[in-house]
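# Residue-level structure breakdown
One-letter residues, chain by chain:
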Amino acid sequence: MFSLAINFGPSGVAWSFLFTKQESLDVALADIAAGVAGRCAAISIKDDFGSSAMVVVSQIHGYLVESMELTKGAIVFRN
């Protein structure tokens, strides 16, 4: 399971999307990369749990990808 959090907009709003498969996450990341490269002004992101959004690429400040399986291990290790 993977989480994608996108920070965007003037106030730094963050939206999170969940993916069960790496392939689904890779599609979303490819769309973000295409937008950052200037190939599109806005991107549509759809996750594996029914959430979807249209985001203006110029408004994206950053994004965070998390492997939730690995994060579980990291939490145990930190404790």
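Above this text is the structure in question.
Given the structure is predicted, the values throughout are model-derived calculations rather than measurements. (Residues numbered from 1 in each chain as written. Predicted model: local features only at pLDDT ≥ 70, side-chain atom pairs only at ≥ 80, totals over all residues. Heavy atoms only, no water.)

## Some points on the side chain of D47
- Assignment of secondary structure puts D47 in the loop between strand 3 (42-46) and strand 4 (52-56).
- As a buried residue without a salt bridge, D47 has its nearest oppositely charged side chain in K46, at a separation of 8.7 Å.
- Of the polar contacts made by the side chain of D47, one reaches the backbone nitrogen of G50; its length is 3.2 Å.
- Looking at D47, its side chain comes within polar contact range of the main-chain nitrogen of S51, at 2.9 Å. (Helix = DSSP H or I, 4+ residues; strand = E, 2+ residues; numbered from the N terminus. Buried < 20%, exposed > 50% of the residue type's maximum accessible area, 1.4 Å probe, protein only. Lys, Arg positive; Asp, Glu negative; His and termini not counted. Salt bridge = Lys/Arg side-chain N within 4 Å of Asp/Glu carboxyl O. Polar contact = N/O pair within 3.5 Å; in protein donor to acceptor, adjacent residues only side chain to side chain.)

## Here's the deal with a nonpolar patch on the surface
- There is a patch of nonpolar side chains on the surface, built from M1, L18, F49 and M68 and spanning about 340 Å² of accessible area.
- Here M68 lies in helix 2 (residues 68-78).
- A relative accessible area of 31% means that M68 is categorised as partly exposed. (Patch = residues over 30% accessible without salt bridge, like charges linked within 9 Å, V, L, I, M, F, W, Y side chains within 5 Å. Areas by Shrake-Rupley, 256 points an atom, 1.4 Å probe, with all protein chains shown as cover.)

## Re the side chain of S24
- Checked against the element boundaries, S24 lands in helix 1 (residues 22-36).
- S24 has contacts with F19 and D48, leaving out every residue within four places of it along the chain. (Contact = heavy atoms within 4.5 Å.)

## Structural notes on the packing of aromatic side chains
- A full pass over the atoms with the stated rule returns 1 aromatic pair.
- With centroids separated by 4.6 Å and ring planes inclined at 70°, the aromatic side chains of F8 and W15 adopt a geometry described as edge-to-face.
- On the basis of relative accessibility, which here comes to 13%, the residue F8 falls in the buried class.
- A relative accessible area of 36% means that W15 is categorised as partly exposed. (Phe/Tyr/Trp six-rings, centres within 6.5 Å; stacked < 30°, edge-to-face > 60°.)

## Side note on helix 1
- The first and last C-alpha atoms of helix 1 sit 21 Å apart over 15 residues, in line with the 21 Å expected at 1.5 Å per residue.
- Restricting attention to buried positions, one finds in helix 1 the residues S24, L25, A28, I32, A34 and G35.
- Looking at the buried positions of helix 1, the neighbouring elements they touch are strand 1 (2-8), strand 2 (13-19), strand 3 and strand 5 (60-67).
- Residue G38 follows helix 1 closely and has a positive phi angle near 90°. (Expected span 1.5 Å × (residues − 1).)

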